[in-house]
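The lines below spell out each chain.
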Amino acid sequence: MRGAVIHAPGDVRVEDRDTPKIVNPTDAVIRTVATCVCGSDLWDYRGINPITGPTPIGHEYVGIVEEVGGDVSQIKPGQFVIGSFFASDNTCPNCRNGYQSNCLHREFVGADGCQAEYVRVPLADGTLVATPGQPDEQHVASLLACSDVMGTGWYAAAAAEVKPGSTVAVVGDGAVGLSAVIAAKELGAERIIAMSRHESRQKLATEFGATDIVAERGEEGVARIKEMTGGIGADAVLECVGTAQSMQQALHSTRPGGNIGFVGVPHDVPIDGTELFYSHVALRGGPAPVRAYLPDLIERVLDGRINPGKVFDLTLPLEQAAEGYKAMDERRAIKALLRP
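Keep in mind it's a predicted model, so treat the numbers as computed, not measured.

Conventions adopted
Residues numbered from 1 in each chain as written. Predicted model: local features only at pLDDT ≥ 70, side-chain atom pairs only at ≥ 80, totals over all residues. Heavy atoms only, no water. Helix = DSSP H or I, 4+ residues; strand = E, 2+ residues; numbered from the N terminus. Buried < 20%, exposed > 50% of the residue type's maximum accessible area, 1.4 Å probe, protein only. Pairing = 2+ DSSP bridges. Axes fitted to C-alpha atoms, helices over the stretch in contact; angles between N-to-C directions. Contact = heavy atoms within 4.5 Å. Core = buried A, V, L, I, M, F, W, Y, C linked by side-chain atoms within 4.5 Å. Arc of directions from axis to C-beta.

Enquirer: Even after reading the chapter, I still don't get unusual backbone geometry, so can you show me in this structure?
Expert: Excluding glycine, a negative phi dihedral is what most residues carry, and trans is how most peptide bonds are arranged. One non-glycine residue, Leu123, adopts positive backbone phi at about 50°. Along the chain, Leu123 turns up in the loop between β9 (118-121) and α3 (124-127). Leu123 sits in the buried class, given a relative accessible area of 16%. The backbone of Asp268 sits at a positive phi, close to 55°, despite the residue not being glycine. Mapped onto the elements of the fold, Asp268 is located in the loop between β15 (254-262) and α10 (273-279).

Structure (structure tokens):
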């Protein structure tokens, strides 16, 4: 099969790779209908995460089940499925508590690279969710978004305890931040402040439900949030970047007693315990338990209530994966969808 492999910073190639096979009786092999480049993949592409040798890449996928192991009973060949980037049994105590991304038996699905024609998914019964029949083509992009960015944006809002009538600020205007705007709206936020300097992303944030745009960053951005909220800050702040500046911006934009949901993978993000202690701000984050939200998100997509697939503003054949990375790195694209 063909699949993307990162060789070094800035060097992604689509190459011949071995087609995945059933390894464990709980596995499934799917033929990908669509995959994509994630903002977190750019940490590798930019050399911020070390690359030690040629490595398959990608962790978002939707597709058709080709084959299942002997212990798989719920997922069937021929089904259209969506799965999380972490495989989970969906039965262990952590899964039952709603944290499938911390399953006691979790495996990173992206370890074998999902920007490929076929993907092996461990723990298939607990990881994959099938749609009722084959979805219309118009829904494929949004279903793909649910495999990561929409689920991650939803977790940011849930972790920050967004409630009906609340004021929410979203730090980050990438695909996750934009999806977090959708989540905040769906959870009933009355005011949603999207922090973005890019006109095209501002427009999409507004379309998704943002009521206000703040273009300033850092302490200037914090000052604008305070100005807009009577001097105290937002009830909930959704941190969707993962840098020291974005976390500080989130901390300082949250009112005393408010909550931060942080889902940007942290890179060199120190948090001062004394500052946090006196802020009265609560923090919750981590890898999103996407599997917990998939049934609900799939239903919302198929019912037409949400359309997170609009974050894909560049569609390319899988063979042009390198261009998808380049376009996202240069901020010419929010998110690149790849068609095998």
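Enquirer: I tried to follow the sheet that holds strand β16 (residues 282-285) on my own but got confused; where do I start?
Expert: In sheet architecture, strand pairing relies on hydrogen bonds along the backbone and comes in two forms, parallel and antiparallel. Spatially, β13-β12-β11-β14-β15-β16 is the arrangement adopted by the six strands of the open sheet, whose pairing is parallel. Edge positions in the open sheet fall to β13 (212-214) and β16, since each of these has one partner strand only. Strand-to-strand twist in this sheet, taken as the mean axis angle between neighbours without regard to direction, amounts to 20°. Relative to β15, strand β14 (residues 234-239) runs parallel, the two being bridged by five bridges. Residue Ala234 lies in a different strand from β15, and its bridge partner there is Thr254. Packing against the sheet, helix α9 (residues 244-253) makes contact with β11 (167-171), β12 (191-195), β14, β15 and β16, and its axis sits at approximately 145° to β15.

Enquirer: Looking at this structure, how should I read the nonpolar core?
Expert: In a soluble, globular protein the nonpolar side chains are often hidden away together inside. Formed by 58 residues in total, the largest nonpolar core has its most connected members in Val62, Met150, Val168, Val170, Leu238 and Phe312. At eight residues, the largest contribution of residues to this core is made by helix α6 (residues 175-186). Here Phe312 is in contact with Cys36, Ala141, Leu144, Ala145, Lys335, Ala336 and Leu337, once residues within four sequence places are set aside. Judged by nonpolar contacts, the second largest core, of 17 residues, contains Leu42, Ile57, Leu316 and Ala336.

Enquirer: Explain helix α8 (residues 218-228) to me, please; I cannot follow it from the model alone.
Expert: In an α-helix, one full turn covers 3.6 residues, which means residues spaced three or four apart are oriented alike. Buried within α8 are the following residues: Gly218, Gly221, Val222, Ile225 and Met228. All buried residues of α8 fall inside an arc of 130° around its axis, so they share one side. In α8, the exposed positions angled more than 90 degrees off the buried face are occupied by Glu219, Glu220 and Glu227. One or two positions beyond α8, positive phi appears at Gly230, with a value near 65°.

Purely geometric stuff here, so don't read any function into it on its own.
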